[in-house]
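# Residue-level structural notes
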Amino acid sequence: MKPTNNLLTKDIKKLIFQIAIPSSIGMFFNTMYNVVDTFYIGQISTEAISALTYSFMVFFMLLSVSFGLSSAITAYVGGALGKHKKNMARIYVSNGISLFMLIAFVLLLISFILLEYIFVSMGASGKVLDYALEYTYIILLGIFPMLMGLGANAVLISIGDTKSYRNILILGFVLNLILDPLFIYGFYFIPALGLSGVALATVLIQYVTLTYMLYKLYKTRLFDGVRFFKSTPNMQAYKHLMKQAIPTSINMFLGSLGSMITMYFVSTYGFKAVAAFGIGYRVEQIILLPMLGLNTAVIAIVSNNFGAKNFNRIDEVIHTALKYGYIMSAIGVVLIALFGKYMIMVFDTDTQVVDIAYIYIIFESFMFFSFITLFISTSTLQGIKNPFMIPYISFYRQIFMPVVFFYIVVNVFDLPIIYLWISMFLIISSAAIFIKYYVKKQLKLARNKS
């Protein structure tokens, strides 16, 4: 008798809430973790906040190449479990983890070599550059535990477990609340480390996270640490995972590169504009959090049901996730309009910074509808193991069109910074319209092939 897989049989609405809510709560505390960092760094100076913004963009770019592997592990492990092939799932788990180890080593090596060059290329200079390097060189030491934790979480997501990662993210937030001021200002034998203290706290918490996630991974019985270190890589599994991972990683990398391009053009308006962009980005993340939980639910449910060829359930999960996402987007617009300026002032009270950041998040709030369409559509393509178009759409909306529009705004017409935000709105909206219809077409083709 085959074991019951709730992702194949349980009510879609209940499944979405069951998976998305813990994921959203975890993401909320992860974002609040970053908010705590931004708050304490804001006590140092506006230049320090600008440096944090540069550092975040670069660090996310480094991590972006691993996010594709995370979604690939979820898709292949989920697909194998949907077919009730547990041994196949174990093969993908162990080889996915080994790939994460390899990627972590390569990223650490490359980042230490190129870090200063990247910051300078983005427009960082003077005290902002010094702060960015001081902070990021320490943060890089957390790449290994962070990537390994992502690998473990990808496996947990494939079985519908988003509570474990939620729990450790909550603990990480609490630890950060304690360690940030402790390391920044010092206490008894602990020296005052300033900005470096914030980075050190993050690295220590990442190792705590890794320990917990490996324990939860072991409990799934899909991963055996002893066999892992005795076994050799399965090249067929590597091939499958990389084929799935590369388009998504390119998509994420282009997104990170696009953020750096945006940062470059924003920096032409001065370091206060950079600080405003960084603060506005944090506020935007807080409002987007519940929607991001939907992504996790979609890829988990779609990957399992694609393995079982349950296309009607795939259609239902997409429709339901989009409906909930659009409702949350509308609520987000209202929240930004009413409370956005007060949220910004938590981090910086400089009038110019507040004004720039508030206008930015107003435009961003109206992009929530397009973002949710892009998120759900991308998760669906990953779940059905058809990520081919994802990097092309990303190149359009993150690289090609921003370079064209932003260059015209800044270098041709020398327009105010608000025109950068208008350009973003037009670019994201057009990409969302295209991908929605593309996914519909791909699902129809997949259904006909089955």
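Quick look at the structure, then. This structure is a prediction, so every number in the text was calculated from the model and none was measured. (Residues numbered from 1 in each chain as written. Predicted model: local features only at pLDDT ≥ 70, side-chain atom pairs only at ≥ 80, totals over all residues. Heavy atoms only, no water.)

### Considering the overall build of the protein chain
When helices and strands are tallied, the protein chain shows 16 helices and zero strands. A compact globule built from 450 residues should have a C-alpha radius of gyration of about 22 Å, and the protein chain, at 21 Å, falls within 12% of that. Reported as C-alpha extents along the three principal axes, the dimensions of the protein chain are approximately 65 × 50 × 35 Å. Among the 450 residues that make up the protein chain, the fraction classed as buried is 58%. Excluding contacts between residues fewer than 6 apart, the proportion of contacts in the protein chain whose partners are at least 24 apart in sequence is 85%. Split by element, the accessible area of the protein chain, about 19,500 Å² in all, is 68% carbon and sulfur. Put simply, the protein chain has 32 plus and 17 minus side-chain charges, and the middle of one group is 23 Å from the middle of the other. (Helix = DSSP H or I, 4+ residues; strand = E, 2+ residues; numbered from the N terminus. Rg over C-alpha atoms; globule rule 2.2 N^0.38 Å. Buried < 20%, exposed > 50% of the residue type's maximum accessible area, 1.4 Å probe, protein only. Contact = heavy atoms within 4.5 Å. Areas by Shrake-Rupley, 256 points an atom, 1.4 Å probe, with all protein chains shown as cover. Lys, Arg positive; Asp, Glu negative; His and termini not counted. Charge placed at Lys NZ, Arg CZ, Asp CG, Glu CD.)

### Comments concerning the environment of Ile 250
Looking at the secondary structure, you find Ile 250 in helix H10 (residues 235–267). Exposure remark for Ile 250: the relative accessible area of 38% places this residue in the partly exposed category. Residues Ile 250 and Ser 394, 144 residues apart in the sequence, show an inter-C-alpha distance of 8.3 Å.

### A word on the side chain of Gln 382
Along the chain, Gln 382 turns up in helix H14 (residues 368–383). Aside from chain neighbours lying at most four places away, what touches Gln 382 is Ser 71, Ala 75, Gln 244, Thr 248, Ile 299 and Ile 390.

### Focus on the nonpolar core
Counting residues in hydrophobic clusters, the biggest one holds 146 residues, and the most contacted among them are Ile 16, Phe 119, Leu 147, Leu 420 and Trp 421. Looking at which element gives the most residues to this core, the answer is helix H3 (residues 46–82), with 19 residues. Ignoring any residue separated from it by four or fewer positions in sequence, one finds Trp 421 in contact with Val 266, Phe 277, Ile 356, Ile 359, Tyr 360, Phe 363 and Met 367. Among the nonpolar cores identified, the runner-up in size contains six residues, and Leu 179, Phe 183, Ile 190 and Ile 205 belong to it. (Core = buried A, V, L, I, M, F, W, Y, C linked by side-chain atoms within 4.5 Å.)

### Structural notes on the packing of aromatic side chains
Going through the model one piece at a time under the given rule, you end up with 13 aromatic pairs. With a centroid separation of 4.9 Å and 40° between ring planes, the pair formed by Tyr 76 and Tyr 92 is classed as tilted. Taken together, the residues Tyr 76 in helix H3 and Tyr 92 in helix H4 (residues 86–121) connect sequence positions 16 residues apart. The class for Tyr 76 is buried, based on a relative accessible area of 14%. Relative accessible area serves as the criterion here: at 7%, Tyr 92 is assigned to the buried category. Judged by centre distance (5.3 Å) and plane angle (80°), the ring pair of Tyr 264 and Phe 265 falls under edge-to-face. Under the relative-accessibility criterion, Phe 265 is labelled buried at 7%. Members of the aromatic cluster, each reached through a chain of ring pairs, are Tyr 264, Phe 265 and Phe 406. Geometry around Tyr 131 places Lys 127 over its ring, the cationic atom sitting 4.8 Å from the centre. The ring of Phe 306 has Lys 309 sitting right over it, with the charged end atom 4.7 Å from the ring centre. (Phe/Tyr/Trp six-rings, centres within 6.5 Å; stacked < 30°, edge-to-face > 60°. Lys NZ or Arg CZ within 6 Å of the ring centre and 35° of its normal.)

### Thoughts on the environment of Ser 66
With respect to the helices and strands, the residue Ser 66 is situated in helix H3. Residue classification places Ser 66 among the buried residues on the basis of a relative accessible area of 0%. Sequence spacing of Ser 66 and Ala 104 is 38 residues, and the spatial spacing of their C-alpha atoms is 8.5 Å. In this structure, Ser 66 is in contact with Phe 100, Ile 103, Leu 147, Leu 150 and Ser 249, ignoring residues within four places of it in sequence.

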